[in-house]
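A structural walkthrough
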Amino acid sequence: MRVLVSGGAGYIGSHTVVQLVAAGHDVVIVDSFANSKPAVIGRLEALTGTHLPVHAFDLTDRDKTERLFADESFDAVIHFAGLKAVGESAQIPLEYYENNLDSTFSLVRAMRRHGVKLLVFSSSATVYGDHAPLPFREDYAPLVSTSPYGRTKVMNEHVLTDVAHADPTLRIGILRYFNPVGAHPSGTIGEDPQGIPNNLLPFIAQVAIGRRDKLVVFGDDYPTEDGTCERDYIHVEDLAAGHVAALTKLASTEEPVSVWNLGVGQGTSVLAMLHAFERAVGRELPYEIGPRRAGDQARSWADPAKANAELNWRTVKTIDDVCVDTWRWQSANPTGYED
Ligand code: NAD
Ligand code: WQD
């Protein structure tokens with residue numbers, strides 16, 4: 001298939017591009033580089049051994065989006081583009097709602113005008129809110145989230161579901177990611193957060209490389225085995241494979257809209273993750289216990305059974321793989337793509 005990958009220069013998009021090419025798809029990237037670096041493209045071309053056409057513009061620009069679809073033909077769209085920092089979304093909510101919703105409106109309008117039927121959308125476990133029973137299942141309702149960022153995902157899911165029901169020739173796959181982590185085993189592409197990392201793994205990696213003094217563990221008095229929060233950390237390579245599988249499924253399903261959890265199905269605590277990283281690095285890493293972070297849930301993990309069965313997909317990477325691959329990427333690229 002000829003696949004338009006929005007946000008293909010970003011963390012998850014870039015890893016998915018590599019697997020799409022390996023699976024025989026033609027990839028075209030559209031990215032504004034709002035949260036990524038053009039340098040990733042050369043790395044992707046080296047990894048895939050192919051030229052990757054890139055369109056550098058903001059998808060909230062409907063005219064440019066329309067022009068792209070008028071100039072080129074696509075069989076499918078994978079829509080990763082979006083702003084994703086939970087804390088920042090509370091500071092600049094309007095920018096989050098505009099970016100994360102308008103980009104979808106532009107893309108779906110252009111798809112409908114040009115007869116493109118298949119869409120994969122990046123959603124998040126954040127749509128399960130604070131009250132869903134563990135493990136989180138796709139049929140849980142109502143969807144709620146505690147941040148403006150998360151609410152853009154809830155809203156996008158509703159918009160896409162309505163659009164698919166109104167036009168049952170569409171095939172929309174909504175993928176709810178749990179906690180994406182890790183890097184390509186080559187160490188040439190990985191997660192490159194701007195400024196102080198918000199997420200656990202990039203923070204630990206920067207402690208290990210000496211860019212941060214120590215990890216602050218946000219609370220050790222949660223009702224979990226070691227008192228620290230538990231999350232479903234999914235290797236980005238497994239996650240990328242889930243997108244290739246979803247695309248294959250969408251090409252044959254009769255369902256206009258399908259929702260799949262992409263997770264491992266088990267929780268790992270903050271301290272267990274830190275200790276796995278210490279094993280990968282071969283030394284102890286400094287940390288201290290700090291107060292809880294507002295908004296954190298004690299435990300979150302997926303029931304991945306629906307994706308396992310319907311996508312013929314399952315995770316194969318371990319937490320140790322995550323840490324080894326993250327460390328390879330971090331040590332080869334201490335300041336990310338800036339080198
Ligand atoms: P990322 O920031 O690395 O990648 C997103 C890419 O989209 C960036 O390259 C950015 O420049 C681009 N972009 C943003 N707005 C754009 C716009 N309006 N037009 C064109 N390009 C635009 O993020 P990621 O971690 O790769 O996440 C990809 C998707 O997955 C996002 O939608 C995110 O919300 C979702 N998601 C991420 C996580 C996670 O923890 N990383 C978890 C769940 C869901
Ligand atoms: C993981 C655990 C922290 C940093 C977020 C978004 C979610 C999704 C994935 C997009 C928590 C603890 C962290 C640190 C710590 N993104 N931690 N010290 O919050 O589960 O999920 O990313 O959709 O929507 O909310 O991930 O990596 O921030 O935190 O102790 O310096 O690590 O308290 O328990 P989270 P995270």
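Residues numbered from 1 in each chain as written. Chains lettered and ligands numbered in written order. Predicted model: local features only at pLDDT ≥ 70, side-chain atom pairs only at ≥ 80, totals over all residues. Heavy atoms only, no water.

For the rest of this paragraph, the subject is the packing of helix H7 (residues 200-209) against helix H9 (residues 270-281). As a packed pair, H7 and H9 sit with axes 11 Å apart at the nearest point and diverge in direction by 40°. By the angle between their axes, H7 is oblique relative to H9. Crossing angle aside, the handedness with which H7 passes H9 is right-handed. Together, Leu200, Leu201, Ile204, Ala205 and Ala208 of H7 and Val270, Met273, Leu274, Phe277 and Val281 of H9 make up the contact between the two elements. Among the residues forming the contact of H7 with H9, the class breakdown is 10 nonpolar, no polar and no charged. (Axes fitted to C-alpha atoms, helices over the stretch in contact; angles between N-to-C directions. Helix = DSSP H or I, 4+ residues; strand = E, 2+ residues; numbered from the N terminus. Parallel < 35°, antiparallel > 145°, perpendicular 65-115°, else oblique. Left-handed = near helix turned anticlockwise from the far one by under 90°. Contact = heavy atoms within 4.5 Å. Nonpolar A, V, L, I, M, F, W, Y, C, P; charged D, E, K, R; others polar.)

Under the defined criterion, the tally for this structure stands at seven aromatic pairs. Measuring from centroid to centroid gives 5.3 Å for Phe69 and Phe74, while their planes differ by 70°, and the two rings are edge-to-face. The residues Phe69 and Phe74 share a single accessibility class, namely buried. Relative to Phe178, the ring of Phe136 lies with its centre 6.2 Å away and its plane at 40°, an arrangement referred to as tilted. Of the two residues, Phe136 is situated in the loop between strand S5 (118-124) and helix H6 (148-166) and Phe178 in the loop between strand S6 (171-177) and strand S7 (179-181); the sequence distance between them amounts to 42 residues. Both residues of the pair, Phe136 and Phe178, count as buried. Through a chain of ring-to-ring contacts, three or more aromatic side chains come together here, namely Tyr128, Phe136, Tyr140 and Phe178. (Phe/Tyr/Trp six-rings, centres within 6.5 Å; stacked < 30°, edge-to-face > 60°. Buried < 20%, exposed > 50% of the residue type's maximum accessible area, 1.4 Å probe, protein only.)

What follows deals with the UniProt feature "domain: NAD-dependent epimerase/dehydratase" (unreviewed entry) in the chain. Residues annotated by UniProt as "domain: NAD-dependent epimerase/dehydratase" (unreviewed entry) correspond here to residues 3-263. Across residues 3-263 one finds 39% helix and 18% strand; the C-alpha atoms that close the span lie 24 Å apart. (UniProt positions renumbered as here; feature names shortened; annotations may be inferred.)

With that out of the way, let us pick up the site of ligand 2. Of all residues adjacent to ligand 2, which total 18 residues, the nearest are Ser124, Tyr149, Val216, Arg231 and Asp296. Here Tyr149 contributes a side-chain N or O atom positioned 2.6 Å from an oxygen atom of ligand 2. Here an oxygen atom of ligand 2 and a backbone polar atom of Leu200 are 2.8 Å apart. In terms of residue class, the shell around ligand 2 is made up of 10 nonpolar, five polar and three charged. (Near = heavy atom within 4 Å. Polar contact = N/O pair within 3.5 Å; in protein donor to acceptor, adjacent residues only side chain to side chain.)

Our focus in this paragraph is the nonpolar core. Membership of the largest hydrophobic core comes to 40 residues, with the highest contact counts inside it found for Val17, Leu20, Val27, Leu44, Leu262 and Leu311. Here Leu20 is in contact with Val3, Val5, His25, Val27, Ile78, Val244 and Leu247, once residues within four sequence places are set aside. Core analysis: the next-biggest nonpolar cluster, separate from the first, contains 24 residues, Phe203, Val207, Phe277 and Leu285 among them. (Core = buried A, V, L, I, M, F, W, Y, C linked by side-chain atoms within 4.5 Å.)

Neighbouring ligand 1 are 26 residues, the closest being Ile12, Asp31, Asn35, Ser36 and Tyr149. Separating an oxygen atom of ligand 1 from a side-chain N or O atom of Tyr149 is a distance of 2.6 Å. Protein burial of ligand 1: of its 820 Å² of free accessible surface, 95% is covered by the chains. Among the elements of the structure, helix H1 (11-22), S5 and H6 are those that each provide at least two residues to the shell around ligand 1. With three residues, the single largest contributor to the shell around ligand 1 is S5. A class-by-class count of the residues in the shell around ligand 1 yields 12 nonpolar, 10 polar and four charged. (Areas by Shrake-Rupley, 256 points an atom, 1.4 Å probe, with all protein chains shown as cover.)

Time to look at H7. The buried count for H7 comes to nine of 10 residues, which makes it a mostly enclosed element. Along H7, the residues classified as buried are Leu200, Leu201, Pro202, Phe203, Ile204, Ala205, Gln206, Val207 and Ala208. Contact partners of the buried residues in H7: S7, strand S8 (215-218), strand S10 (233-235), H9 and helix H11 (319-332). The positive-phi residue at the C-terminal boundary of H7 is Gly210, with phi of around 95°.

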